[in-house]
Amino acid sequence: MSELTLLVLRIGFLLVLWGFVFAIVYALRSDLLGQRARRMPTAAAPASVPAPAPARPKPAEPALTEPVAAPVSDALPSRLVITTGAKEGLELDLGRETLTIGRSADSGLVIRDDYTSTHHARLMVWNEEWVIHDLDSTNGTFLDGRRVTVPTPVPLNTPVKIGTTTFELRR
Amino acid sequence: MTTEAVSTATGQLQNLTGVITLKLRTPSRLRNLELVLLLFAIAINAGSFVLVQFGVLGEIEPGMLSASFVLAGLALAMHVALRISAPDADPLILPIATVLNGTGLAMIYRLDLAKGFEGWGAASVRQIVWTTLAVIVATVVLAGLRNYRVLQRFTYLAMFTAIVLLLLPLVPGLARTDDVAAKVWIDVAGFSFQPGEIAKIALGVFFAGYLVQHRDSLAVGGRKLLGMRLPRIRDLGPILLIWAAAMGVLVFQRDLGTSLLYFGLFLVMIYVATGRLSWVLLGMGLFLGGAVIASQTLVYVNSRFTVWLDAFNPRYADGDAYQLVQGIFGIAQGGMVGTGLGQGRPNIVPLAESDFIIASLGEELGLAGLFALLALYLLLVSRGFRIGFAGRDDFGRLLAVGLSFVVALQVFIVIGGVTRVIPLTGLTTPFLAAGGSSLIANWIIVAILLRLSDAVRNQPRLVVGP
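Note that this is a predicted model, so its numbers are computed, not measured.

Section: the overall build of chain A
Across its full length, chain A carries two helices and 11 strands. Expressed as a percentage of the 171 residues in chain A, the buried residues total 26%. Across chain A, contacts joining residues at least 24 apart in sequence account for 34% of those joining residues at least 6 apart.

A closer look at the overall build of chain B
Of the regular secondary structure elements, chain B holds 16 helices and five strands. For chain B, the residues scored as buried account for 50% of the 466 residues in total. In chain B, the proportion of contacts linking residues at least 24 apart, taken out of those at least 6 apart, comes to 72%.

Quick word on the sheet that holds strand β11 (residues 165–170) of chain A
Residue and element names in this part refer to chain A. The six strands lie next to each other as β2-β1-β11-β10-β7-β8, forming an open sheet whose pairing is antiparallel. Two strands in the sheet have a free side with no partner beyond their single neighbour: β2 (91–93) and β8 (146–147). Sheet topology note: the strand β7 (residues 141–143)/strand β10 (residues 160–162) ladder contains three bridges and is antiparallel. Bridge pairing in β10 links T141 to I162.

Topic: the interface of chain A and chain B
Taken residue by residue, the interface counts 40 residues in chain A and 45 residues in chain B. Mapped by element, the contributors of at least two residues to the side of chain A that touches chain B are α1 (3–28), β4 (109–111) and β5 (121–126) of chain A.

Description of the nonpolar core
If you look at the biggest cluster of nonpolar residues, it comprises 142 residues, and the most contacted ones within it are B:L265, B:M269, B:L398 and B:L449. Grouped together as the second largest cluster of nonpolar side chains are 21 residues, A:I111, A:A121, A:W130 and A:I162 included.

Regarding unusual backbone geometry
Residues and elements named next belong to chain A. The backbone of E128 shows a phi angle near 60°, a positive value even though the residue is not glycine. In this structure, E128 sits in the loop between β5 and β6 (129–134). By the C-beta count within 10 Å, which is 11 here, E128 ends up exposed.

A word on helix α2 (residues 62–85) of chain B
A rise of 1.5 Å per residue sets the reference length of α2(B), with its 24 residues, at 34 Å; its end C-alpha atoms lie 35 Å apart and thus fit the reference within 8%. B:M64, B:S68, B:L71, B:A72, B:L74, B:A75, B:M78 and B:L82 are the residues of α2(B) that are buried.

Observations concerning the confidence of the model for chain A
Summing up the model confidence of chain A, the mean pLDDT is 74 and the portion of residues at 70 or higher is 71%. Long-range and interchain partners of residues 32–73 of chain A, a stretch whose pLDDT sits below 50, account for 31 contacts in this model, where long-range means more than four residues apart.

Quick word on the environment of A:T138
Residues and elements named next belong to chain A. Here T138 is to be found in the loop between β6 and β7. By the C-beta count within 10 Å, which is 9 here, T138 ends up exposed. Through-space distance from the C-alpha of T138 to that of T166 is 17 Å; in sequence the pair is 28 residues apart.

Some details on the environment of B:A77
Residue and element names in this part refer to chain B. Checked against the element boundaries, A77 lands in helix α2. The class for A77 is partly exposed, based on 13 C-beta atoms found within 10 Å. The spacing of A77 and A46 is 31 residues in sequence and 17 Å in space, taken between C-alpha atoms.

A look at the confidence of the model for chain B
Residues and elements named next belong to chain B. On average, chain B scores 84 in pLDDT, and the residues at 70 or more come to 86%. The least confident element of chain B, judged by mean pLDDT, is strand β3 (residues 221–225) at 66; the most confident is helix α15 (residues 394–418) at 94. Scored below 50 in pLDDT, residues 16–26 makes two contacts in the model with residues more than four places away or belonging to other chains. The ipTM, which scores confidence in the relative placement of chains, is 0.84 for this predicted complex, and the corresponding pTM is 0.76.

A look at the pairing of strand β3 (residues 99–102) of chain A
Residues and elements named next belong to chain A. Of the two faces of β3, the one carrying L99 and I101 and the one carrying T100 and G102 are both buried. Bridge count between β3 and β5: three bridges; the pairing is antiparallel. By the bridge assignment, T100 is partnered in β5 with R122. As judged from the two bridges shared by β3 and β4, these two strands associate in the parallel manner. Looking at β4, one finds that I101 is bridged to L109.

Side note on the packing of α2(B) against helix α3 (residues 93–115) of chain B
Residues and elements named next belong to chain B. One can describe the packing of α2 onto α3 by two numbers: an axis separation of 11 Å at closest approach and a directional angle of 160°. Put simply, α2 runs roughly antiparallel to α3. The hand of the α2/α3 crossing is right-handed. Between α2, through M64, S68, L71, A75, M78 and H79, and α3, the contact on the second element is made entirely by L94, T98, N101, G102, L105 and Y109. Class assignment for the residues of the contact of α2 with α3 results in seven nonpolar, five polar and no charged.

Remarks on the pairing of β6(A)
Residues and elements named next belong to chain A. A large share of β6 lies buried, amounting to five of its six residues. With six bridges connecting them, β5 and β6 associate as antiparallel partners. Residue pairing in the sheet places M124 in a bridge with V131 of β6. Looking at chain direction, β6 and strand β9 (residues 152–153) are connected through two bridges and run antiparallel. The residue bridging I132 from the neighbouring strand is T152, located in β9.

A short note on the packing of helix α6 (residues 155–167) of chain B against helix α7 (residues 195–219) of chain B
Residue and element names in this part refer to chain B. Across the interface, α6 lies against α7 with an axial gap of 8 Å and an inter-helix angle of 155°. Put simply, α6 runs roughly antiparallel to α7. In terms of crossing hand, the pair formed by α6 and α7 is left-handed. Listed contacts from α7 to T155, A158, M159, T161, A162, L165 and L166 of α6 are P195, G196, I198, A199, A202, L203, V205, F206, G209 and Y210. Across the contact of α6 with α7, the residue classes tally to 13 nonpolar, four polar and no charged.

Rules used in this analysis
Residues numbered from 1 in each chain as written. Chains lettered and ligands numbered in written order. Predicted model: local features only at pLDDT ≥ 70, side-chain atom pairs only at ≥ 80, totals over all residues. Helix = DSSP H or I, 4+ residues; strand = E, 2+ residues; numbered from the N terminus. Buried ≥ 20, exposed ≤ 12 C-beta atoms within 10 Å, placed from the backbone. Contact = placed C-beta atoms within 7 Å. Pairing = 2+ DSSP bridges. Core = buried A, V, L, I, M, F, W, Y, C linked by C-beta atoms within 7 Å. Expected span 1.5 Å × (residues − 1). pLDDT = per-residue confidence, 0-100. Axes fitted to C-alpha atoms, helices over the stretch in contact; angles between N-to-C directions. Parallel < 35°, antiparallel > 145°, perpendicular 65-115°, else oblique. Left-handed = near helix turned anticlockwise from the far one by under 90°. Nonpolar A, V, L, I, M, F, W, Y, C, P; charged D, E, K, R; others polar.

The following block contains the structure:
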C-alpha cells in the first residue's frame with residue numbers, strides 16, 4: 001500500500017463523509033414531514049389570487065394566511081374556526097381531505113368533553129361543498145341550531161355545534 | 001332516501017380511496033429515501049473499516065470486515081421493521097445513527113489493532129455485541145410502543161425508575177470498586193453498566209408528563225425584576241427539588257457531567273413548556289452557584305477544575321491531566337484532514353476508545369472529519385426538534401424536544417470536556433464511544449423519536465379539551 005494511495009483514500013473518505021452530510025441536508029430540503037412542501041405554492045400564489053371578498057365577516061387578514069390549496073377549491077371554504085369552547089379562536093386548514101371529529105385519538109379533530117361521542121361526525125367534500133355527516137352520535141351534531149340527521153351541506157359562517165364546541169367554516 | 005344512501009356510499013368510497021393512496025404512495029417514498037441513505041451509510045461504514053485495515057495492517061482482513069456488515073444487517077432489519085410498523089417515520093434518523101455507530105465501531109477496532117487485543121478481550125467485539133443488543137431493543141421499543149401517549153400514564157413511574165437508576169451506583173454490592181473518581185458505574189454479573197444513561201430517558205418521560213400537567217401554573221408570572229417577570233415563589237418547589245437532586249448527583253456520584261445533563265434537560269423542558277426565559281436564567285444561576293461552591297469545598301470536584309484550568313502545568317500534565325493533554329496533542333497532530341484512519345497514534349491516550357474517542361477521531365480524521373460528525377449530530381438533533389415542532393399534542397412535543405436535547409447536551413458536555421471548554425466528565429459520546437449502556441439508551445431514543453415522527457402524520461390535527 002503506497003503512501004499516495006493511502007493519501008487519496010483518506011481524502012476520499014472525508015469527501016464521502018461530507019457527501020453523506022450534504023445528502024441528508026439535500027433530503028431535508030423538501031422537509032419530509034410534509035409541511036413546507038405543501039405550503040410552497042401558497043407563498044407564490046397570493047399575487048394571482050383576487051383580493052378577499054368585501055363581504056368577509058372578519059377584518060381582512062394578510063393574504064399569506066389564505067391557504068389556496070387546490071385551484072378547484074375556489075368556492076370551497078378552506079378554514080375551520082372554533083368559535084366557542086375550550087380552544088376558541090383556533091383555526092384549522094381544511095384542504096380537501098375528510099376530517100373526522102370525535103373523542104378518540106385517531107380523529108382528525110379531537111374534542112374531549114362529556115358530550116362528544118368517540119366517533120362523532122365527519123366533515124367531507126361532496127360535490128364541491130363541505131358536508132357534515134353525523135355518525136350516530138349520542139348527543140347529536142347541530143347545524144345552525146338544528147340537529148343533523150342526514151349528511152347536510154355546511155354553508156359558510158354557519159355554526160356547527162358538537163358537545164360544548166362550536167365551529168364555523170370560513171373561506 | 002335511496003339516493004341519499006347511494007351518495008353516502010359514494011362518499012365512503014371516495015374516503016376509502018383517499019386513505020388507500022395516502023397509505024400506499026407517500027410512506028413508501030419516505031422509506032425508499034431512507035433505504036438509499038442507509039445504503040450510503042453502510043458503504044461509509046465498510047469504507048472506514050477497509051481504511052483502518054489498510055492503515056494498520058496494509059491489507060484486508062475479512063474476519064473483522066464482516067463485523068461492519070453486522071451493523072449493516074441490523075440497520076436494514078430496523079428499516080424493514082419501520083416499513084411494517086412505522087411507515088411514516090422520519091427517514092433521516094436511522095441512517096445518521098448508523099453512520100455514527102459504525103464510525104465509532106471502526107475507531108474502536110482500530111484501537112484494538114494498535115493494542116493487539118483480539119477475541120472477547122477486544123472492545124470492538126464487545127461493542128458489536130452491544131450494538132446488536134441495542135438495535136434489537138430499539139426495534140422492540142418501536143414495535144411495542146404503538147402509541148407513545150401510553151408513556152404519559154407512566155409519568156410518576158418514570159420518575160421512580162429514574163431515581164432508582166440514579167441511586168444504583170451508590171448501592172454497596174453493585175458499585176464498581178476500582179472507580180476512584182465518578183461513581184456512575186455498576187457491575188452486574190461481570191458486565192459494567194451506567195444506569196444514568198437509561199435514567200435520562202426515564203427523566204425525559206417524567207419531565208414531559210409532569211410539565212404537561214403543571215405548566216399552566218408554572219407559566220404564571222410573579223414579581224417583575226430588571227424587566228423580567230420572575231416565577232411566583234410558591235412555584236419554585238419543583239425546580240429547587242430538581243436542583244437539589246442534581247447537586248446530590250454532583251456530591252455523591254462526584255460527576256459534574258451527569259448532574260449538568262439532568263439539570264440542563266429540566267431547564268430546557270420547562271422553558272419549552274412555559275416559554276419563560278426567567279426559568280432558564282434562574283436555573284443556570286442556581287447551578288453555577290452550586291457548582292462553584294462544590295468546586296471549592298469538595299476535593300474531587302476541585303481537582304477536576306484545577307486539571308481543567310491548568311492542564312498544561314508540568315505538575316499536572318504528566319499526572320492527573322495526562323489523558324486530557326495527550327488527547328489535545330492528538331487532535332493537534334490531526335490538523336485539518338487528520339493522519340488518516342489507522343495511521344495516527346490515538347492509542348497513547350488512556351481510555352481512547354470510550355471517554356476520549358473524540359480525540360482519537362480528531363487525530364485520524366482531522367478537523368474536517370470531526371466537523372462532519374458534529375454536523376451529523378446537529379442534523380440528528382434538528383430532526384428531533386422538527387418532530388417536536390410538528391407534533392400536535394403537548395406530551396409528544398415535549399418528549400421529542402427533551403430527548404433530542406439530551407443527546408445534544410451530552411455531545412456538548414463530552415466534546416467540551418475533551419477540548420477543554422468545560423471540565424472533563426465521565427459521560428460517553430452518544431453512539432461513538434465504547435459502552436453498552438450508552439448505545440442502548442441512545443438507540444432507544446432513536447426508536448422513540450421514530451415512533452413520535454410516525455405519529456405526526458397520523459395525529460389529530462387539532463385537539464380540543466384537556
